[in-house]
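Structural overview
In case you want the letters, here they are:
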Amino acid sequence: MKKKFSIIFMMLMVFFSVNETMAESVKQIERAKILADVSVYGTFILFDVNKEWNLKGSKDKESGVKEARDVIYAYRDKVLVDSYLTLGLTEGSFFLLRLNTYELLNSQDLISRLMTTEIGRYLTIRHVFTGVTKKLNYASKYPEILKQLNSIGYEGELPRYAIIIPVKKDSLWWNTPEDERDIMMLEHIMPTLQYLSVVKRKLYHATGISDADFITYFETNSLVDFNDLVIAIRRTREDSYNVRQGSPTIVGTIRDLDDILNILKK
């Protein structure tokens, strides 16, 4: 009788475990959709880890990391979290989180909870940028260019590097007639077409939301090609209206969240 009860109990445990796993997977926000949608808030948060964290024992690190992981994963149905290791690539930082959500309060709640965890006591926020996705303003006015932008996709292995560059325009740009800005943006777009297969890009509009007008986000496997792309853009007329490009420029390697948390445990 005991053996029969034990088998039934084990079967029930497996049943509930499987169903719990399925429920968790259903709750996760749809990555492809939110990255393609407009009116999505993107927040970039650059963290450094205080040296005192390294003095903690392995058990304390283990529990602290688990607590942080649980907090972040609790928001999987509301916030898409991407993580990047910036240690050694961006001064004064350890890692970066990119949060995409339909409601900005969700990102704020996630970070607020993260900072109250044990490991949160050892984190310093270096920079925060927030923007929102919109429809293409300029390329949509040139059907042939838009067709090329949509037809050329990223090729090769998954990108290893991410680069974030905030951009701020001067008042002259915003007060330039729209048709003139259209022409200059066409000049901006043209040299970028040859890099579409090696550099992914995404634009967030940030005027009035952050201390920048745009947050430009890139992914690539080739920093050489990315460097050439930026130089090509810097040579266009539109670039002369930039009063800020970078400051900071954030460079990191694209890492799974658990990879970064495992590094923090060492």
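Scoring rules and cut-offs
Residues numbered from 1 in each chain as written. Predicted model: local features only at pLDDT ≥ 70, side-chain atom pairs only at ≥ 80, totals over all residues. Heavy atoms only, no water. 1 Å grid on protein atoms, 1.4 Å probe; cavity = no way out; pocket = protein on both sides within 12 Å on 5 of 7 lines; lining within 4 Å. Points joined across faces, edges and corners; volume = space filled by probe spheres on them. Helix = DSSP H or I, 4+ residues; strand = E, 2+ residues; numbered from the N terminus. Nonpolar A, V, L, I, M, F, W, Y, C, P; charged D, E, K, R; others polar. pLDDT = per-residue confidence, 0-100. Contact = heavy atoms within 4.5 Å.

For the rest of this paragraph, the subject is the layout of surface pockets. One number sums up the size of the second largest pocket: a volume of about 480 Å³. Looking at the second largest pocket, it is lined by 22 residues, and the ones nearest its centre are Arg31, Leu80, Val81, Asp82 and Asp256. When residues of the lining of the second largest pocket are traced back to their parent elements, those giving at least two are helix H3 (58–73), strand E2 (79–85), strand E7 (212–220) and strand E9 (250–255). Each residue belonging to the lining of the second largest pocket can be placed in one class, and the counts come to 13 nonpolar, two polar and seven charged.

Okay, empty space enclosed by the protein next. Enumeration over the complete set of coordinates arrives at one cavity of 30 Å³ or more. Quantified by volume, the largest cavity comes out at close to 60 Å³. Of all elements in the fold, only H3, strand E3 (95–101) and helix H9 (257–265) reach the threshold of two or more residues within the lining of the largest cavity. Tallying contributions element by element places H9 first for the lining of the largest cavity, with four residues. Taken together, the residues that form the lining of the largest cavity break down as 11 nonpolar, no polar and no charged.

In regions of low pLDDT, the predicted coordinates are not meant to be interpreted in detail. Per-residue pLDDT for the protein chain averages 90, and the proportion of residues at 70 or more is 89%. Ignoring residues within four places in sequence, the model shows residues 20–26, a span with pLDDT below 50, making one contact including any to other chains.

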